[in-house]
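Spelled out from the first residue to the last, the chains are:
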Amino acid sequence: MDIHASRSAADWRRADTAHHLHPFTDYKALADEGGSRIITRADGVHLWDSDGRRILDGMAGLWCVNVGYGRRELADVAHRQMLELPYYNTFFKTATIPSVALAEKLSALTPAGLDHVFFANSGSEANDTVVRLVRHYWNLCGKPGKKTFIGRQYGYHGSTMAAVSLSGMAPMHGQADLPLPGFTHVLPPYWYGHGGDMDPEAFGRHAARLLEEKILELGPDSVAAFIGEPIQGAGGVIIPPESYWPEVVRICREHDVLLIADEVICGFGRTGHWFGSDLYGIEPDIMTLAKGITSGYVPLSAVMVGGRVASTLVEDGGEFYHGFTYSGHPLACAVALENIAILERDGLVERTRTDIGPYLQQRLREAFADHPLVGEVRGVGLIAGIELVKDRQRRTFWPGGGKIGQMCRDHCFANDLVMRAVRDTMVLAPPLVITRDEVDDLVERATRAIDATARDLGVM
Ligand code: PXG
């Protein structure tokens, strides 16, 4: 049955409103606005909705469709794998060929030392797995007191109980009496918002030292790990000053605190490097991967486990009582392998570093250099943030906690561009296959939307 043709768009919208609880959605407000926009197909960097409108996807879905939409190679691999072996698990001394091949490939691709992998289905599950694994590790080391996790404000690590606890999103904490005990947060390296009079590099060192202060306040014997995204994505594309990560690495080593890099957004070429850790010289003990690992075509995530954690787990751990029905799902692993092959074959990571990434960054900076509403354009590779502010000189924000960003997002929709708002920062993460012409088109649409927002506010 062709479900697309069987009912009208309005009918689908009615059914959606009646039955479907969407993630991160105010249900009443959505119904009052007439329901969802229904996306029916996609190709390259474009989406089409049920009204036939073509939309430029400046967000690669949710930061994930790195190889772009409509890749026949991925569909073919999925089709073949479904016929060959649609499912088998990796529990009870069994494995499947795609899961083993992917484990080997990821071990080779990720930074040196990360040579073991635990598979899950989402970034949230991967980060939950990390919490289980790290607590188990410190118990095995005879240091059961080392249990507290330190994350950062505006950090986003997912939506399960432990992942929200690792995250520093206050509204998420508020709704479910989180974080759980044993989770705490420090200031992120968000110079534009919190840097005050310090120059960015001094602020980067300051933000890192706040982590050290927190470790000393809690006592190093009680701190299990620090978790951070190399670049905070959902927190507003927070690009750390160069001084930040080297200092964090030093602090974690010095106080015997495990370092976890959440590469769910940064991984698989987003920054022009395979991993954000490669860009910043981070040597994590553990790394979480999702999103770009399959370009979002099927759900899959992975926890890369390095050196001493892996050897302790393997040598001394006994049975690890943890796993998911779909850990190492053969379909997902087969698609991931082909997705990585496409990234390699088409040179998409290198292209992001040397060509299209710098082009997007330059075009955005030119377009908004003197814009009355834009305080800063920041980014690297194909991830960018455009900070909408009240006063460019004084770096002051608009009141309203994100209303300006939402106005701008609505103007983007009207201009058939997906650009997301985080507070009043507009964020971009287009597919890595985007062309120069498509970047020009994106910048033109973004400019129209930001100009329209400025006119609404009477500043232009
Ligand atoms: N870590 C990071 C760094 C993420 O960005 C997760 C973990 C959780 O992954 P799952 O697969 O469980 O969603 C994420 C997810 C947004 C947005 O609007 C961002 C994410 C998810 C949904 C929306 O920016 N990031």
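Being a predicted model, the structure only gives us computed values, none of them experimental.

1. What about the overall build of the protein chain?
Thinking step 1. Of regular secondary structure, the protein chain possesses 19 helices and 15 strands.
Thinking step 2. Relative to the globule expectation of 23 Å for 460 residues, the C-alpha radius of gyration of the protein chain, 22 Å, shows essentially globular dimensions.
Thinking step 3. Its C-alpha atoms put the protein chain at 60 × 60 × 45 Å along the principal axes.
Thinking step 4. The 460 residues of the protein chain split such that 55% are buried.
Thinking step 5. For the protein chain, restricting intrachain contacts to residue pairs at least 6 apart in sequence, the fraction spanning at least 24 positions comes to 69%.
Thinking step 6. Split by element, the accessible area of the protein chain, about 19900 Å² in all, is 54% carbon and sulfur.
Thinking step 7. Across the protein chain, the 45 positively charged side chains and the 58 negatively charged ones have centroids separated by 3 Å.

2. What about the sheet that holds strand β8 (residues 258-262)?
Thinking step 1. The strand order across the open sheet formed by 7 strands is β4-β10-β9-β8-β7-β5-β6, and the pairing between neighbours is mixed. Looking at the sheet topology across the chains shown, the edges are occupied by β4 (114-120) and β6 (183-186). Between one strand and the next, the sheet's axes are offset by a mean angle of 25 degrees, whatever the strand orientation.
Thinking step 2. Bridge count for strand β5 (residues 148-152) against β6 is 4 bridges, and the pairing is parallel. Of the residues in β6, the one forming a bridge with I150 is T184.
Thinking step 3. Set on the sheet, helix α11 (residues 200-218) makes contact with β5, β6 and β7 (223-228); between it and β6 the angle comes to about 145 degrees.

3. A look at helix α2 (residues 9-19)
Thinking step 1. Within α2 the residues assigned to the buried category are A9, R13 and D16. Along the axis of α2, the buried positions cluster into a sector of 60 degrees, meaning they face one direction only. More than 90 degrees from the buried face of α2, the exposed residues found are R14, A18 and H19.

4. Details of the packing of helix α18 (residues 403-414) against helix α19 (residues 436-456)
Thinking step 1. Where α18 meets α19, the axes come as close as 8 Å, and the angle between the chain directions of the two elements is 130 degrees. Judged on the interaxial angle alone, α19 and α18 are oblique. Both α18 and α19 take part in a crossing whose hand is right-handed. Contacts between α18 and α19 involve I404, M407, C408, H411 and C412 from the first element and A449, I450, A452, T453 and D456 from the second.
Thinking step 2. Here the residues of the contact of α18 with α19 sort into 7 nonpolar, 2 polar and 1 charged.

5. What to know about the pattern of salt bridges
Thinking step 1. Taken as a whole and assessed by the stated rule, the structure comprises 27 salt bridges.
Thinking step 2. Connected through salt bridges with shared partners, the residues R71, E73, E338, R345 and D346 form a single ionic network.

6. What to know about the packing of aromatic side chains
Thinking step 1. Counted under the stated rule, the structure contains 14 aromatic pairs.
Thinking step 2. With a centroid separation of 5.3 Å and 75 degrees between ring planes, the pair formed by Y244 and W245 is classed as edge-to-face. For the residue pair Y244 and W245, the accessibility class agrees, reading buried in each case.
Thinking step 3. Above the plane of the ring of W48 lies R41, whose end atom (NZ or CZ) is 4.1 Å from the centre.
Thinking step 4. Here the guanidinium or amino end of K146 rests over the ring plane of W138, the centre of that ring lying 4.8 Å away.

7. Observations concerning the site of the ligand
Thinking step 1. In the region of the ligand, 16 residues are neighbours, and W63, G123, S124, D262 and R420 sit closest.
Thinking step 2. Taking S124, its side chain carries an N or O atom lying 2.5 Å from an oxygen atom of the ligand.
Thinking step 3. Here a nitrogen atom of the ligand and a side-chain polar atom of K291 are 3.1 Å apart.
Thinking step 4. For the ligand, the protein covers 84% of the area, taking 540 Å² as the surface of the free molecule.

8. Focus on helix α14 (residues 307-316)
Thinking step 1. Within α14 the residues assigned to the buried category are V309, A310 and T312. Within α14, the buried residues cover an arc of 165 degrees as seen down the axis, which keeps them to one side. For α14, exposure combined with an orientation more than 90 degrees from the buried face picks out V314 and E315.
Thinking step 2. Those residues of α14 that are buried are in contact with β4, α7 (123-140), β8, β9 (286-289) and β10 (301-306).
Thinking step 3. A positive phi of about 65 degrees marks G318, the residue just after α14.

9. Observations concerning the domain arrangement of the protein chain
Thinking step 1. When cut into domains, the protein chain gives domain 1 (37-67 + 349-457) and domain 2 (74-345).
Thinking step 2. A straight line from the C-alpha centre of domain 1 to that of domain 2 covers 26 Å.
Thinking step 3. Listed as interface residues are 33 residues of domain 1 and, on the opposing side, 34 residues of domain 2.
Thinking step 4. Looking only at domain 1, the three residues that lose the most surface to domain 2 are V67, V349 and R395, adding up to 27% of its buried area.

Conventions and cut-offs
- The written sequence of each chain sets the order in which its residues are numbered from 1.
- Local features in this predicted model are restricted to residues of pLDDT 70 or higher, and side-chain atom pairs are both shown and tallied only at a pLDDT of 80 or more, whereas totals for entire chains, interfaces and linings draw on every residue.
- Water and hydrogen atoms play no part in the side-chain values, which are based on all heavy atoms of the structure.
- Only DSSP runs of H or I covering at least 4 residues are called helices, and only runs of E covering at least 2 are called strands; the numbering of each starts at the N terminus.
- Note on method: radius of gyration uses C-alpha positions; expected globular size equals 2.2 Å times residues raised to 0.38.
- The buried label applies to any residue whose accessible area, calculated with a 1.4 Å probe on protein chains only, is under 20% of its type's maximum; exposed applies above 50%, and partly exposed to all values in between.
- Here a residue-residue contact requires only that any non-hydrogen atoms of the pair lie within 4.5 Å.
- Here, Shrake-Rupley sampling with a 1.4 Å probe gives the accessible areas, and only protein chains in the shown set may cover a residue.
- Only four residue types enter the charge count: Lys and Arg as positive, Asp and Glu as negative, with His and the chain ends excluded.
- Just so you know, the charge point we use is NZ for Lys, CZ for Arg, CG for Asp and CD for Glu.
- A strand pair is defined by DSSP finding two or more bridges across the two strands.
- To obtain each axis, a line is fitted to C-alpha atoms, and for helices this fit is confined to the stretch in contact; angles are then taken between N-to-C directions over 0 to 180 degrees.
- As used here, the arc is the angular range of directions from the helix axis to the C-beta atoms.
- Under this scheme an angle from 65 to 115 degrees is roughly perpendicular, one under 35 degrees roughly parallel, and one over 145 degrees roughly antiparallel; angles in between are oblique.
- Helix crossings get a hand from a simple test, with the near helix turned counterclockwise from the far one by less than a right angle marking a left-handed crossing and a clockwise turn marking a right-handed one.
- Just so you know the grouping, Ala, Val, Leu, Ile, Met, Phe, Trp, Tyr, Cys and Pro go in nonpolar, Asp, Glu, Lys and Arg go in charged, and all remaining residues, Gly too, go in polar.
- Whenever a carboxyl oxygen of Asp or Glu lies within 4 Å of a side-chain nitrogen of Lys or Arg, that contact is scored as a salt bridge.
- Between 30 and 60 degrees the pair is tilted, below 30 it is stacked and above 60 it is edge-to-face, where a pair is any two Phe, Tyr or Trp rings, Trp via its six-membered ring, whose centres lie within 6.5 Å.
- Cation placement over rings: the criterion is NZ of Lys or CZ of Arg within 6 Å of the ring centroid and within 35° of the ring normal.
- Whether a residue is near a molecule or strand is decided by its heavy atoms; if any one of them lies within 4 Å of it, the residue is near.
- Under this definition, polar contacts are N or O atom pairs within 3.5 Å; protein pairs additionally need one hydrogen-donor-capable and one acceptor-capable atom, and for neighbouring residues in sequence, both atoms have to be side-chain atoms.
- Here the limits of each domain have been adopted from an automatic or database domain assignment.
- By buried area we mean how much accessible surface two parts lose on assembly, using a 1.4 Å probe and totalling the loss over both.

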